[in-house]
Amino acid sequence: MVNLNPLNLISGSFRHGVHPQHLKVQTQDLPIQRVPFGSNYVMPLGQHIGVPCKPIVKKGQRVRRGEEIASASGFVSIALHSPVTGVVKEIGEFRTFDGNFSQAIEIEADAFSTQEPNIGPAIDWESMNIEQFIQAVQGAGIVGMGGAAFPAHVKFSIPEGQQIRYLLINGAECEPYLTNDHRLMLERPDALLKGAEIVRQKLGAEETVIGVELNKPEAIEALQARIQPGDPVRVVSLEAKYPQGAEKMIIKTVFGREVPAGQLPRDVEVNVNNVSTVVAIADYFDHGMPLIERIVTVSGPGVSYPANLIVPLGTPVREVLKFCGGLKDETMEVIMGGPMMGRPIASLDAPVVKGCSGILAFTEGQTLKRKEFPCIRCGRCVEACPYFLNPARFARLSRARMFGEMKGYFVFDCVECGCCAFACPSSIPIVQLIRTGKDQLRNTQASEK
Amino acid sequence: MKQRDPELLLQHAPFLRQGMTTPTAMGDVLIALTPATLAGLWYFGISAVLVIGASIAGAVLTEISFSGTERRGESLLDGSGLLTGLLLGLTLPPGLPMWMAFLGGVIALGLGKVIWGGLGNNLFNPALVGRAFLLATFPIAMTTWTTPDEAFWTFRATNFDIPFTYTEIDGLTAATPLGLMKFDQQATPLSNLFMGSTSGSLGETSGLLLILGGIYLYFRRDLDWRIPVSILLTVLVFSAILGLFDSERFPAPLFSVFSGGLLLGAIYMATDPVTSPTTPVGTWIFGIGIGLLIVLIRVFGGMPEGVMYAILLMNAATPLIDRFTQPRVFGHLRGDND
Ligand code: SF4
Ligand code: SF4
């Protein structure tokens, strides 16, 4: 229960949270570069949250870069496009980064193709109504690019009777190491503002607010320089604190409003989108390019040459790492995403997916199993949890297999942000214990049905 | 270009941790207590070494003998046994027979920690359990205070009493500042209290060094600043209010803060994470409760000192405080939980 900064109580930010080191210096000044095309690309059908999409191509069929290869099956589902010009080599089970197998389409790149992007005409978004707009975003295969990979269009469908007043563009990038959003804001501020404007007009929001953490002053400047007086756009700087980029937290920081449990940002008249998401939307409407590549930060002590890269989706993680000089010998673990919420990569042959914001390689210092000590009830986890839950109690109940009680203490409000485990001096695996509890509860609920 | 396929670990996020661990926190407290301990040695000489050593020995040996073989290394590693022994030793009078100090250490660890299930499960501060036991069992030895101004190598005869005997001494004793205040309405100058040249238990005499240690802990982020701050403020305010009624009989606020074991208790014992509330609001209540109880016991109780009982009583209230001060969960209405 240590709060070194009593000012936290009066600063504008959400309360609690933690201050990990930023660790962004290795990559924050490196311009985004493109990874050369390789030979084989694997596109898992379920790389977004929701229903996996349905393949619409046959084995042996030729596909062009950006051509649709699988279509959405249902509302919470999106289309999938070929990242390269080539031939469909296989449709079947492929290993994904978590080590499991899942249905995927493998495409062999045409060795003689220049992979020139197939730039189409700009799509006239102004005359679209909201339904057409939603369909277009769904058809472009765009997901929330912050990491969760939730289909972007779902957020844009606002039920009858509700309205959106603010469009909040999330440029917090609170995860250590990651600089992909930072570089995007610096290098493509116009695309960002364009995408934001499209979304704002389609949702009928009054104002766009771009939230950027204070540790990215150049990004704030770059955006501010592009905004004309009178534009309904505003850039706000946010305290650099984890998890500032969590949807409910950034809303709390910027608007001072708490999204009630179990409700969505739209219930407080806000729509939140990641900066990469709106850039993807701008790219689609500008020249018809669906989501076939994304920016990935490759960093961490195990990577020889850290970089910010444009990676075609489906590229094996191994190829990306190779481009960065390969892994150092002492690497012990490679993860996808940021160090606070990212997930371990079980197989380096697994492809990069839409939700992959970073590939980080860790050496012994970060991954060596920390010795666990008994919980000393110090309350540091309680004071770290931005949702004001009691992580120590969850850990204790989960160990005692008292899962029912965990539900009573709102374990399902936990977003697994990892603040509690970050803060725990006894290195108790609180997040895993919470996950165990949630899984067990879901299983019992499922079996009761 | 090398592209080794390492045998990848699959550990889970978060991959970053803040630097502090439980053993380093315990180590920091030991470091923070070092100056005050050295001051104890300076003022009370070789007796301090003997008494503190005996109580640490009692605590650590108990810790070792009661932990299972596979946990043995670990429970020593976290340093909490050592810390308990040291804290207990610092609350003992310098003339205490060594066997009593040793027994106190055994009880502190045994009844204060081990039977609860080890570190993290105990309800009461182990060091204070040990001290409460000693005070109840050996009231005379525990309240016989010697003066600090003897040569370093002067052995106090009582230190070497064989077990289960105790020689009454006279002539050597001196009343503590709190005793003087309570029974003779005679105040000790603040500067003496601050620097430590008063009679009292080994570690409680120098306010300055105890505060310095506390500041160190604060900057190492090992200390919940709310607890000492709320205790001290409460004692100051409450004593000042009492002083309005009768400034002759009741001790002055600053005297209250710097006398007896208050600083030792407020900075090092009440802040024991295991036995204090986990919620921020709870720690304020906890600290204020301790402050009130200290003044009440000192002023109206039969004994001059009340820090120990005040902390133990609030330790007992901790689960209740925790229960009623759970913060409102984000996005829920107050009262949704429980
Ligand atoms: S992981 Fe869950 S319990 Fe832990 S700090 Fe985050 S929201 Fe709170
Ligand atoms: S779980 Fe960790 S952080 Fe939380 S109270 Fe226990 S020791 Fe402290």
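Residues numbered from 1 in each chain as written. Chains lettered and ligands numbered in written order. Predicted model: local features only at pLDDT ≥ 70, side-chain atom pairs only at ≥ 80, totals over all residues. Heavy atoms only, no water.

Observations regarding the site of ligand 2
Cut-off, in case you're wondering: Near is defined per residue: the residue qualifies when any heavy atom it owns lies within 4 Å of the molecule or strand. Each residue is assigned to one class: nonpolar for Ala, Val, Leu, Ile, Met, Phe, Trp, Tyr, Cys and Pro, charged for Asp, Glu, Lys and Arg, and polar for all the others, Gly among them.
If you check the shell around ligand 2, you find 13 residues, and the closest are Cys-375, Cys-378, Gly-379, Cys-381 and Cys-424 of chain A. Of the residues in the shell around ligand 2, the class split is nine nonpolar, two polar and two charged.

Here's the deal with the environment of Pro-163 of chain B
Convention followed: Here a helix means four or more residues in a row that DSSP labels H or I, a strand means two or more in a row labelled E, and each is numbered from the N terminus.
Checked against the element boundaries, Pro-163 of chain B lands in the loop between α7 (139-142) and α8 (177-184). Spatially, the C-alpha atoms of Pro-163 of chain B and Leu-50 of chain B are 15 Å apart, while their sequence positions differ by 113 residues.

Overview of the confidence of the model for chain A
Residues and elements named next belong to chain A. Our working rule: Each residue carries a pLDDT score, the predictor's confidence in it, ranging from 0 to 100. Contacts are assigned to residue pairs with any non-hydrogen atoms lying within 4.5 Å of each other.
Per-residue pLDDT for chain A has a mean of 90; in total, 96% of the residues score no lower than 70. Model confidence for chain A, summarised as mean pLDDT per element, is weakest for helix α10 (residues 364-367) at 70 and strongest for strand β14 (residues 307-312) at 96. Throughout residues 1-10 the model reports pLDDT below 50, and contacts reaching past four residues in sequence, or to other chains, amount to 27 contacts.

A few points about the packing of aromatic side chains
Basically, it comes down to this: Classification of ring pairs uses Phe, Tyr and Trp, with its six-membered ring standing for Trp, and accepts pairs whose centres are within 6.5 Å; under 30 degrees between planes counts as stacked, over 60 as edge-to-face, and the remaining range as tilted. Burial here depends on accessible area, computed with a 1.4 Å probe over protein chains only, as a share of the maximum for the residue type. Under 20% is buried, over 50% is exposed, and the range in between is partly exposed.
Tallied over the full model, the rule gives 11 aromatic pairs over all chains. A centroid spacing of 5.6 Å and a plane angle of 80 degrees characterise the contact between Trp-225 of chain B and Trp-284 of chain B, whose relative ring orientation is edge-to-face. Placement of the pair is Trp-225 of chain B in the loop between α10 (207-219) and α11 (226-245) and Trp-284 of chain B in helix α14 (residues 280-300), with a sequence separation of 59 residues. You can call Trp-284 of chain B partly exposed: its relative accessible area is 31%. Taken together, the aromatic side chains of Phe-133, Phe-156, Tyr-284 and Phe-285 of chain A make up a single cluster linked through ring pairs.

Here we look at the site of ligand 1
For ligand 1, the full set of nearby residues is Cys-385, Pro-386, Tyr-387, Pro-391, Cys-414, Val-415, Glu-416, Cys-417, Gly-418, Cys-419, Cys-420 and Ile-434 of chain A. Taken together, the residues of the shell around ligand 1 sort by class into 10 nonpolar, one polar and one charged.

Examining the packing of helix α1 (residues 22-44) of chain B against helix α2 (residues 46-66) of chain B
Residue and element names in this part refer to chain B. Cut-off, in case you're wondering: What counts as an axis is a line fitted to C-alpha atoms, over the stretch in contact for a helix, and the angles between N-to-C directions run from 0 to 180 degrees. We call two directions roughly parallel when the angle between them is under 35 degrees, roughly antiparallel when it is over 145, roughly perpendicular when it lies between 65 and 115, and oblique otherwise.
Interaxial distance between α1 and α2 falls to 6 Å at its minimum, and their mutual angle equals 130 degrees. Relative to α2, the element α1 lies oblique. Along its contact with α1, which presents Thr-37, Gly-40, Leu-41 and Phe-44, the element α2 presents Ile-46, Ser-47, Ala-48, Val-49 and Ile-52. Counted by class, the contact of α1 with α2 contains six nonpolar, three polar and no charged residues.

Some words on the pattern of salt bridges
All names here are of chain A. We count it as follows: Only one rule defines a salt bridge in this text: a Lys or Arg side-chain nitrogen within 4 Å of an Asp or Glu carboxyl oxygen.
Following the criterion strictly, the structure yields 25 salt bridges over all chains and no others. Among the ionic pairs, Lys-322 bridges to Glu-319, the shortest N-O distance being 4.0 Å. You can see Lys-322 and its partner Glu-319 sitting in helix α9 (residues 317-323), three residues apart, about one turn around the helix. Take Glu-319: its relative accessible area is 35%, and that puts it in the partly exposed class. Notably, a salt bridge pairs Arg-435 with Glu-416, separated by 2.8 Å at the nearest N-O pair. Of this pair, Arg-435 sits in helix α15 (residues 430-448) while Glu-416 is found in the loop between α13 (403-408) and α14 (419-423), placing the two residues 19 residues apart along the sequence. Here Arg-435 falls in the partly exposed class, since its relative accessible area comes to 24%. Linked by salt bridges that have partners in common, Arg-34, Arg-65 and Glu-293 make up one network.

Looking at the interface of chain A and chain B
Spelled out, the test is: Two parts placed together each lose some accessible area under a 1.4 Å probe, and adding up what both lose gives the buried area. Contacts described as polar in this section are N or O atom pairs within 3.5 Å, which, within protein, must combine one atom able to donate a hydrogen with one able to accept it, while residues neighboring in sequence count only if both atoms come from side chains.
With 72 residues of chain A at the contact, the number on the chain B side is 55 residues. Both faces combined, the contact of chain A with chain B buries some 5800 Å², and carbon together with sulfur accounts for 59% of it. The partner of Asp-322 of chain B in a salt bridge is Arg-377 of chain A, and the shortest N-O contact between them spans 3.3 Å. In this assembly, chain A and chain B are joined by 21 residue pairs in polar contact (both at pLDDT 80 or more). When contributions to the side of chain A that touches chain B are tallied by element, the ones reaching two or more residues are α7 (247-255), α9, β15 (333-336), α10, α11 (380-384), α14 and α15 of chain A.

Examining the domain arrangement of chain A
By convention, interface size is frequently given as the accessible area that disappears when the constituent parts associate. Residue and element names in this part refer to chain A. How we decide: The split of the chain into domains comes from an automatic or database domain assignment.
Per the domain assignment, the segments of chain A are domain 1 (6-29 + 134-287) and domain 2 (380-448). Put simply, the middle of domain 1 and the middle of domain 2, counted by C-alpha atoms, are 28 Å apart. In this assembly, 13 residues from domain 1 lie in contact with 12 residues from domain 2. Across the domain 1/domain 2 interface, buried area totals approximately 920 Å², and carbon plus sulfur atoms make up 72% of it. Contact with domain 2 buries surface across domain 1, with His-16, Val-18 and Met-249 losing the most and accounting together for 48% of the total. Across the domain 1-domain 2 interface, the total number found is zero salt bridges. Here the side of domain 1 that touches domain 2 is composed, by residue class, of eight nonpolar, three polar and two charged.

Quick word on α11 of chain B
Each α-helix turn comprises 3.6 residues. Residues three or four places apart therefore point the same way. The line we're drawing: The span one expects for a helix is its residue count, reduced by one, times 1.5 Å.
For α11 of chain B, which comprises 20 residues, the first-to-last C-alpha distance of 29 Å matches the rise-based estimate of 28 Å (1.5 Å per residue) to within 8%. Listed in full, the buried residues belonging to α11 of chain B are Arg-226, Ile-227, Pro-228, Ser-230, Ile-231, Thr-234, Val-235, Phe-238, Ser-239 and Leu-242 of chain B. As for α11 of chain B, its buried residues are in contact with α11 of chain A together with α12 (253-258), α13 (262-269) and α14 of chain B.

Comments concerning the side chain of Ser-276 of chain B
Residue position: Ser-276 of chain B is located in the loop between α13 and α14. A relative accessible area of 3% means that Ser-276 of chain B is categorised as buried. Filtering out sequence-adjacent residues up to four positions away, Ser-276 of chain B remains in contact with Arg-377 of chain A together with Ile-227, Ala-270, Thr-271, Phe-286 and Thr-318 of chain B.

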